[in-house]
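Chains, contacts and geometry: an overview
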Amino acid sequence: MLRRSLSSRDLIVYGLLFIGPLAPVGVFGVLDARSHGSVALVYLVATLAMAFTAVSYAQMSRKVPQAGSVYAYAGIGIGRPAGFAAGWLAMLDYLLIPAVGYLFCGIALHSLVPSVPAWVFTALAFVSTTLLNLFGVQLAARVGFVVLVVEIVLLAVFVVAAIVVLIMDGPARPWTSPALGVGGTTTAAVMGAVSVAVLSFLGFDAIASFAEENTGDERQVGRAVLFCLGVAGLLFVVQTYLAGLLMPVSPHHLAQAPAEQGTAFYTMTRTAVGVWMQRAFAVVKGVGPAFTAMAAVAAASRLLYGMARDRGLPKALASVDPRSRVPRAALLTTAAVSLVVSVWAARRADGLDVLVSIVNMGALAAFTLLHVSVVGYYVIRRGSRRWIPHLVVPALGAAVSIWIMVSATTLAKLVAAAWLVVGAVVYVAGGRSRTSLSPAGRGAGGTETGAPSVPGR
């Protein structure tokens, strides 16, 4: 069994580290161009959209305190096939997010030391953080806490510096532009940007993957999920509002010059505050994403572990290291996939675009099944009459997730569809091994549950 060693603070550290307080830095230019300058509004809408998902996670984590999170939730609330589908779709998200993090790290450090290829920094970041994961979640959480504090301090320095500049020199754009756009915006433009902005939030849900390793009761995970989302949303809105006011070029210019979108935030800091601020962001963004990837690999390994324990994936992935009490096989498998994908992407000019374009689809599809599982478990199976948390919120959450998926790129939709087809083949091929359930797949009375088990507390 996994070791219960994570406190509420550790869970929050993992969640915020996975999200990254400076997550908007890398996508600010893209969002600015798509939303006509209303990036703060985009993040406000994205926060509200993800709030529905956070509430559903909190509801299910209380009743299904199990590694595997959305896989376990959908399995209990809807049925084993839906559980596998949710886990398989979430796997697309979880396996690629570490690669994105390592790639961000490699690109940022390569910009500081151009003589060293980006893929070398990518590989070094992978090795160091994988070793931390193998030593156990508690050590990784402690190191991650230091990195998280550095990111928050840098963000605080930026906020103070931006306010000083605004007081002394005034804004480069109208005061209302971060909310209303430069010359106005549209619902389609905002929602199109939201489909990209949700990438910044992916990670708060990973807290649920550590449900079997927290030291508190079932409510601890749900509280940590909601807290992380609230803090991240506040930080994102504040920093993008200030950045939007200080941005020296127009959204129209960025839309016409896609090559400048990735460095738009750095351009803003250099122009408005100074070169020292730009370099500080480059250094921190060169290190921080590696630890975001570390948290992502840890969460992904718990997803694989939970699915393998219930025979949805090869049984070897369900093994736990007797000393560190981490799912070593699942962790190394996840890390290996992340290394291969991130190094491949680092060697391609369009590698980052390809990865980012498909990460969201897996997460949003899994979120949709999560919302359905809340209705299935509480309303249909338990006959709950608490309509707001058990019917209204998940229904709205599913609708928002579907709306955002519709706004995604064609490439992302095609990749997600292909991944789901592969998952269906895997599920059918592994059907025979699931006909005789292991003890983990039986209820307390020894009867078959037809869904992932819920460990006793």
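Counting restarts for each chain: residues are numbered from 1 in the order of the written sequence. Given that the model is predicted, a residue must reach a pLDDT of at least 70 before its local features are reported, and side-chain atom pairs must reach 80 or more before they are shown or counted; all residues, however, enter totals for whole chains, interfaces and linings. Here the side-chain values reflect all heavy atoms present in the structure, with hydrogen atoms and water set aside.

Below, the discussion takes up the overall build of the chain. The helix count covers DSSP runs of H or I at least four residues long, the strand count covers runs of E at least two residues long, and both are numbered beginning at the N terminus. Of regular secondary structure, the chain possesses 17 helices and 0 strands. Here the term buried applies to any residue with accessible area under 20% of the maximum for its type, exposed to any over 50%, and partly exposed to those in between, with areas from a 1.4 Å probe on protein chains only. The buried share among the 457 residues of the chain stands at 58%. Put simply, of all contacts in the chain between residues at least 6 apart along the chain, 81% involve residues at least 24 apart. The accessible surface values rely on the Shrake-Rupley method and a 1.4 Å probe; as for residues, cover is taken only from the protein chains in view. Per element, the accessible surface of the chain, about 17600 Å² overall, is 70% carbon and sulfur. We call two residues in contact when some of their heavy atoms are within 4.5 Å.

Chain-level pLDDT for the chain is 79 on average; 83% of the residues reach the 70-or-more range. The pLDDT value expresses, per residue, how confident the predictor is, ranging between 0 and 100. Within the chain, the element-level pLDDT minimum falls on helix α1 (residues 8-19), averaging 73, and the maximum on helix α8 (residues 177-180), averaging 94. Confidence drops under pLDDT 50 across residues 434-457; counting only partners more than four residues distant or on other chains, this segment forms 57 contacts.

Turning next to a nonpolar patch on the surface. Each patch groups residues whose relative accessible area exceeds 30% and which form no salt bridge, using 9 Å between like charges and 5 Å between nonpolar side chains of Val, Leu, Ile, Met, Phe, Trp and Tyr. In the sections that follow, a salt bridge refers to a side-chain nitrogen of Lys or Arg positioned within 4 Å of a carboxyl oxygen of Asp or Glu. A contiguous nonpolar surface patch, about 590 Å² in accessible area, is contributed by Phe145, Val146, Val149, Val150, Val153, Val157 and Trp276. Looking at which element gives the most residues to the nonpolar patch, the answer is helix α7 (residues 137-169), with 6 residues. Mapped onto the elements, valine 149 comes out in helix α7.

With that out of the way, let us pick up the pattern of salt bridges. Following the criterion strictly, the structure yields 1 salt bridge and no others. Close ionic contact of aspartate 32 with arginine 173 constitutes a salt bridge, the shortest N to O distance being 2.8 Å. Taken together, the positions of aspartate 32 in helix α2 (residues 24-34) and arginine 173 in the loop between α7 and α8 put the pair 141 residues apart, joining distant regions of the chain. No difference in accessibility class separates aspartate 32 from arginine 173, as the two residues are buried.

This paragraph deals with the packing of α2 against helix α9 (residues 187-197). Interhelical geometry of α2 versus α9 gives an angle of 165° and a closest axis separation of 8 Å. Accordingly, the angle class assigned to the pair α2 and α9 is roughly antiparallel. The crossing of α2 and α9 is right-handed. Listed contacts from α9 to Val30, Leu31 and Arg34 of α2 are Ala189, Gly192, Ala193, Ser195, Val196 and Ala197. Note on residue categories: nonpolar means Ala, Val, Leu, Ile, Met, Phe, Trp, Tyr, Cys or Pro, charged means Asp, Glu, Lys or Arg, and polar means any other residue, Gly included. Across the contact of α2 with α9, the residue classes break down as 6 nonpolar, 2 polar and 1 charged. To get an axis, fit a line to the C-alpha atoms, keeping to the stretch in contact for a helix; angles then go from 0 to 180 degrees between the N-to-C directions. Relative orientations are named as follows: roughly parallel for angles under 35 degrees, roughly antiparallel for angles over 145 degrees, roughly perpendicular for angles from 65 to 115 degrees, and oblique for any other angle. In this scheme, a crossing is called left-handed if the near helix is turned counterclockwise away from the far one by less than a right angle; it is called right-handed if the turn is clockwise.

Topologically, threonine 368 is positioned in helix α15 (residues 351-381). Since its relative accessible area comes to 13%, threonine 368 is described here as buried. Polar contacts, as used here, are pairs of N or O atoms within 3.5 Å; protein pairs need one atom able to donate a hydrogen and one able to accept it. Residues neighboring in sequence count only if both atoms are side-chain atoms. A polar contact is formed between the side chain of threonine 368 and the backbone oxygen of leucine 364, at a distance of 2.9 Å. In this view, threonine 368 contacts Ala398, Ser401, Ile402 and Met405; residues no more than four positions away in its chain are not counted.

With that settled, consider the packing of aromatic side chains. Here is the rule: rings of Phe, Tyr and Trp (six-membered ring for Trp) pair when centre to centre is within 6.5 Å. Planes less than 30 degrees apart are stacked, more than 60 are edge-to-face, and the remainder are tilted. Scanning the entire structure with this criterion turns up 13 aromatic pairs. Aromatic side chains phenylalanine 28 and phenylalanine 265 sit 5.8 Å apart centroid to centroid with 85° between the ring planes, which places their arrangement in the edge-to-face category. Pair noted here: phenylalanine 28 is in helix α2 and phenylalanine 265 is in helix α12 (residues 264-272), with a separation of 237 residues, a long-range link. As far as the burial class goes, phenylalanine 28 and phenylalanine 265 line up, both buried. Seen from their ring centres, phenylalanine 84 and tyrosine 427 are 5.1 Å apart, and the 50° between their planes marks the pair as tilted. Here the residue phenylalanine 84 occupies a position in helix α5 (residues 80-112), and tyrosine 427 occupies one in helix α17 (residues 410-429), the gap between them amounting to 343 residues. The rings of Phe28, Phe158, Phe265 and Phe281 are connected pair by pair, giving a single aromatic cluster.

A separate point is the side chain of threonine 334. As for its position among the elements, threonine 334 is in helix α14 (residues 328-346). A polar contact is formed between the side chain of threonine 334 and the backbone oxygen of alanine 330, at a distance of 2.8 Å. Look past the residues within four positions of threonine 334 in its chain and what remains in contact with it is Leu95, Val297, Ala300, Ser301 and Leu304.

This part is about the environment of alanine 46. With respect to the helices and strands, the residue alanine 46 is situated in helix α3 (residues 39-63). On the accessibility criterion, alanine 46 (0% relative accessible area) is buried. When the C-alpha atoms of alanine 46 and valine 194 are compared, they prove to be 5.7 Å apart, with 148 residues separating the residues in sequence. Excluding its chain neighbours within four sequence positions, the residues that come into contact with alanine 46 are Val194, Ala197, Val198 and Phe201.

What follows deals with a positive patch on the surface. Counted as positive: Lys and Arg. Counted as negative: Asp and Glu. His and the chain ends are not counted at all. Taken as the charge centre is NZ of Lys, CZ of Arg, CG of Asp or CD of Glu, depending on the residue. On the surface, Arg62, Lys63, Arg223, Arg381, Arg382 and Arg386 cluster together to form a positively charged patch. Looking at the secondary structure, you find arginine 386 in the loop between α15 and α16 (387-406).

Our focus in this paragraph is the nonpolar core. Joining through side-chain atoms within 4.5 Å is the link that ties buried Ala, Val, Leu, Ile, Met, Phe, Trp, Tyr and Cys residues into a set, and such a set is a nonpolar core. One finds Phe158 and Phe281 to be the most contacted residues of the largest nonpolar core, which totals 134 residues. No other element matches the 19 residues that helix α13 (residues 275-309) contributes to this core.

In this section: unusual backbone geometry. Residues other than glycine seldom take positive phi values, yet histidine 36 does so here, at roughly 60°. In this structure, histidine 36 sits in the loop between α2 and α3. Judged by its relative accessible area of 32%, histidine 36 is partly exposed.

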